Number of protein chains: 2
Amino acid sequence: MMASWQTLPGSQIVSPAAERLRSILGEDDGAPTPTIFTEMDTLQRDGDELEWKESARWVKFEEKVEEGGERWSKPHVSTLTLHSLFELRTCLQTGTIMLDLEGYSLPQIVEEIVDRQIADGLVPPDLKEKIIFVLLRKHRHQTKKPIHRSLADIGKSSNTAANPSQSRSMNDISDTPSTDQLKNKFMKKIPRDAEASNVLIGEVDFLDKPFVAFVRLAQATTLGGLTEVPVPTRFLFVLLGPQGKTKSYNEIGRAIATLMVDDLFSDVAYKAREREDLIAGVDEFLDEVIVLPPGEWDPKIRIEPPKKVPSAEMRRGDFLTLDLFLCSP
Amino acid sequence: MMASWQTLPGSQIVSPAAERLRSILGEDDGAPTPTIFTEMDTLQRDGDELEWKESARWVKFEEKVEEGGERWSKPHVSTLTLHSLFELRTCLQTGTIMLDLEGYSLPQIVEEIVDRQIADGLVPPDLKEKIIFVLLRKHRHQTKKPIHRSLADIGKSSNTAANPSQSRSMNDISDTPSTDQLKNKFMKKIPRDAEASNVLIGEVDFLDKPFVAFVRLAQATTLGGLTEVPVPTRFLFVLLGPQGKTKSYNEIGRAIATLMVDDLFSDVAYKAREREDLIAGVDEFLDEVIVLPPGEWDPKIRIEPPKKVPSAEMRRGDFLTLDLFLCSP
């Protein structure tokens, strides 16, 4: 694999991205943004049935469902490929961005996303039902007792998805945390103020290009059995793509999941006014990442969380300094 | 600090960089390229005198002269900033590239580099003597008995640098390894076929923009006391810059040093026909790097070399596959 960096800008004093972040993070009203818990579910075929299976979660560090699917890994530092971060950046440039969507239930939110994609000419209208069907398959979490309930079962079936009033009517049901969620002991590790970011990554046979959406809800809302813990969802990232690229899709999912638990990026995600703010957040993250040479490291190794990490305040101060490419032409 | 990634290409099937590498690495005549040993020296002021002081070295992993300067660190994985890799890329785009230079001695090589920079309008002619003076200051290596010999002392002084025949005449002297070099026990850790890459990084008060050169010699040549071990030099990377950016310069130095010991990039460095081949090598490296999130890692932590790393053959196979940005517009 190889990307091309040919068109990288040679020189600039302060990038437009830095200006953007300064402006949105500078509007700080003093109230800290909530801590984010991210859950990543991937689309799996279980016999005849499609389902969303939890594959990883992030409080600050990554925990992965081990091969075989019966237990969680220890928390570890997320090692990402640079390629996946650039792919994510492109996905955010071209996908659907919905900020402060009034969201009542997953079926209603999903329908609004698909309608927006259709309105923007990103997917043909005849795929609407298929996409909604896939996005409402049941979620199986990595808890002792798997949740087998389908979101469509408790709300509406996919073929009635065209009626928004019906979606809204199931709000009361889906807003109540399930017994499984309340019993999950992992909850103790999640800060009390936490809100969830749900990442859904899947491969389907009816798309010929990726379907991408980044959604921030106006209010954090519990969306049925979407999340393994009773933490209300604030953010949704959806990537459905054509077959044959599962590994790339998963890496993009891990990239956005890692960004969502990053102190600086999550602030940007809460305060973004438009698409370009999110892209500026990715750029700032990229500018700060630490890089390991491919020949000196095996990406399969899991790195234990360090005892101390740089504080968000220090990083915030850092990006307010000037940037200059030394060797500009 | 923040770079801007705005102009990243959205989509391509195979990048021009991949094509380039395929073409130069495909011309393989079967003979393996030598192993590279890299030494990085930084310009220091010792009382009234300027000198080059060894600050780090790479066989495959990085070893650093510890604060205080009396001992070597253990070998560790080089953690780089992505920013430094992009700065390096820009430096290679704008600096002087000399491939297969006939090099006899450091004074002659240095003079040829400076003359080329002047011919290309990169530095004004009146800085020639100053740059040569700095580049020929003595090298102090991190061995038990420091080498205090100035290269200018054993060859010519900087104010006679304008006479190339004089440079060449000291070839016999500088070509002989010194006693210090031969006694260095570190030599045992360097493969027998090794050639050296010397990285010189310094800050000076008379430049207003960086002076950068990447040189490959036609033959590997022992250049006086330039290197701590009697390993002939094949590559030279020089970065002299205006004051106030020492940390950035050092990070760029660590970046090129790390690239030079990378299996794939060193192959590219040996086989490059022109500047763009080197840039393609950087691009391929960038595409393969592993990234640690800034909020999950403290860059000061040294990572022990892993037991196993991906083989160069595997990586070579990898970049021959197609590249595709999924979310292209």
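Residues numbered from 1 in each chain as written. Chains lettered and ligands numbered in written order. Predicted model: local features only at pLDDT ≥ 70, side-chain atom pairs only at ≥ 80, totals over all residues. Heavy atoms only, no water.

On to the pattern of salt bridges. Residue and element names in this part refer to chain A. Under the counting rule described, the total for this entry stands at 36 salt bridges over all chains. In this structure, the salt-bridge partner of D100 is R216, at a minimum N-O distance of 2.9 Å. Of the two residues, D100 sits in strand 5 (residues 96-101) while R216 sits in strand 8 (residues 211-221), which places them 116 residues apart along the sequence. In the salt-bridge network here, residues are joined through shared partners; they are R20, R273, E274 and D277. (Salt bridge = Lys/Arg side-chain N within 4 Å of Asp/Glu carboxyl O. Helix = DSSP H or I, 4+ residues; strand = E, 2+ residues; numbered from the N terminus.)

Before going further, it helps to spend a moment on helix 3 (residues 106-119) of chain A. With 14 residues, helix 3 of chain A should reach 20 Å at 1.5 Å per residue; the first-to-last C-alpha distance of 20 Å fits that figure. For helix 3 of chain A, the full list of buried residues reads L106, P107, Q108, I109, V110, E111, I113, V114 and Q117 of chain A. (Expected span 1.5 Å × (residues − 1). Buried < 20%, exposed > 50% of the residue type's maximum accessible area, 1.4 Å probe, protein only.)

Bringing the sheet that holds strand 10 (residues 290-292) of chain A into the picture now. What the four strands build is an open sheet, ordered 4(A)-10(B)-10(A)-4(B); its pairing is antiparallel. The two strands at the open ends of the sheet, each matched to only one other strand, are strand 4 (80-81) of chain A together with strand 4 (80-81) of chain B. Sheet analysis places strand 4 of chain A next to strand 10 (residues 290-292) of chain B, joined by two bridges and oriented antiparallel. Bridged to T81 of chain A within strand 10 of chain B is I290 of chain B. (Pairing = 2+ DSSP bridges.)

Okay, the side chain of E39 of chain B next. Residues and elements named next belong to chain B. Relative to the helices and strands, E39 is located in strand 1 (residues 36-46). Put simply, E39 is tucked away with no salt bridge, and the nearest opposite charge, on R57, sits 7.6 Å away. If we skip the residues at most four places from it in the chain, E39 touches E54, A56, R57, H141, S197, N198, V199, L226, T227 and E228. (Lys, Arg positive; Asp, Glu negative; His and termini not counted. Contact = heavy atoms within 4.5 Å.)

Going through the model one piece at a time under the given rule, you end up with six aromatic pairs over all chains. Ring geometry for F235 of chain A versus Y270 of chain A: centroids 5.0 Å apart, planes at 80°, classification edge-to-face. Note that F235 of chain A is positioned in strand 9 (residues 233-241) and Y270 of chain A in helix 10 (residues 263-271), a separation of 35 residues in sequence. The exposure classification of F235 of chain A matches that of Y270 of chain A, with both residues buried. Each member of the aromatic cluster is reached from another via a ring pair, and the members are F214, F235 and Y270 of chain A. For the cation-ring pair, R57 of chain B lies above W72 of chain B, with the distance from its terminal atom to the ring centre recorded as 3.8 Å. Across the ring face of F186 of chain B, the terminal group of R57 of chain B is positioned such that the distance to the ring centre comes to 3.4 Å. (Phe/Tyr/Trp six-rings, centres within 6.5 Å; stacked < 30°, edge-to-face > 60°. Lys NZ or Arg CZ within 6 Å of the ring centre and 35° of its normal.)

All names here are of chain B. Its 15 residues give helix 9 (residues 246-260) an end-to-end C-alpha distance of 21 Å, which sits within 8% of 21 Å, the value for a rise of 1.5 Å per residue. The element helix 9 is extensively covered by neighbouring structure, given that 11 of its 15 residues are classed as buried. The complete set of buried residues in helix 9 reads S248, Y249, I252, G253, R254, A255, I256, A257, T258, L259 and M260.

On the secondary structure map, E296 of chain B appears in the loop between strand 10 and helix 12 (312-318). Despite its burial, E296 of chain B pairs with no opposite charge, the nearest such side chain being K60 of chain A at 6.7 Å. With residues near it in sequence (within four places) discarded, E296 of chain B still touches K60, F61, H76, V77, S78, T258, V261, P306 and V309 of chain A.

A word on the confidence of the model for chain A. Residue and element names in this part refer to chain A. When the pLDDT values of chain A are averaged, the result is 83; 80% of them are 70 or greater. Low confidence marks residues 144-149, where pLDDT is under 50. Its contacts with residues over four positions away, or in another chain, come to 16 contacts. Note that pLDDT drops below 50 for residues 152-174; the model gives that stretch 37 contacts with residues more than four away or on any other chain. Interface confidence for the predicted complex, given as ipTM, is 0.81, next to a pTM of 0.82. (pLDDT = per-residue confidence, 0-100.)

Our next topic: the packing of helix 2 (residues 82-94) of chain B against helix 9 of chain B. Geometrically, a packed helix pair is captured by the angle between its two axes and the distance between the axes. Residues and elements named next belong to chain B. Between helix 2 and helix 9, the least distance of the axes is 8 Å, while the angle of their chain directions is 80°. When the interaxial angle is binned, helix 2 and helix 9 end up roughly perpendicular. Contacts from S84, L85, E87, L88 and C91 of helix 2 reach helix 9 at E251, I252, A255, I256 and L259. A breakdown of the residues in the contact of helix 2 with helix 9 according to their chemical character gives seven nonpolar, one polar and two charged. (Axes fitted to C-alpha atoms, helices over the stretch in contact; angles between N-to-C directions. Parallel < 35°, antiparallel > 145°, perpendicular 65-115°, else oblique. Nonpolar A, V, L, I, M, F, W, Y, C, P; charged D, E, K, R; others polar.)

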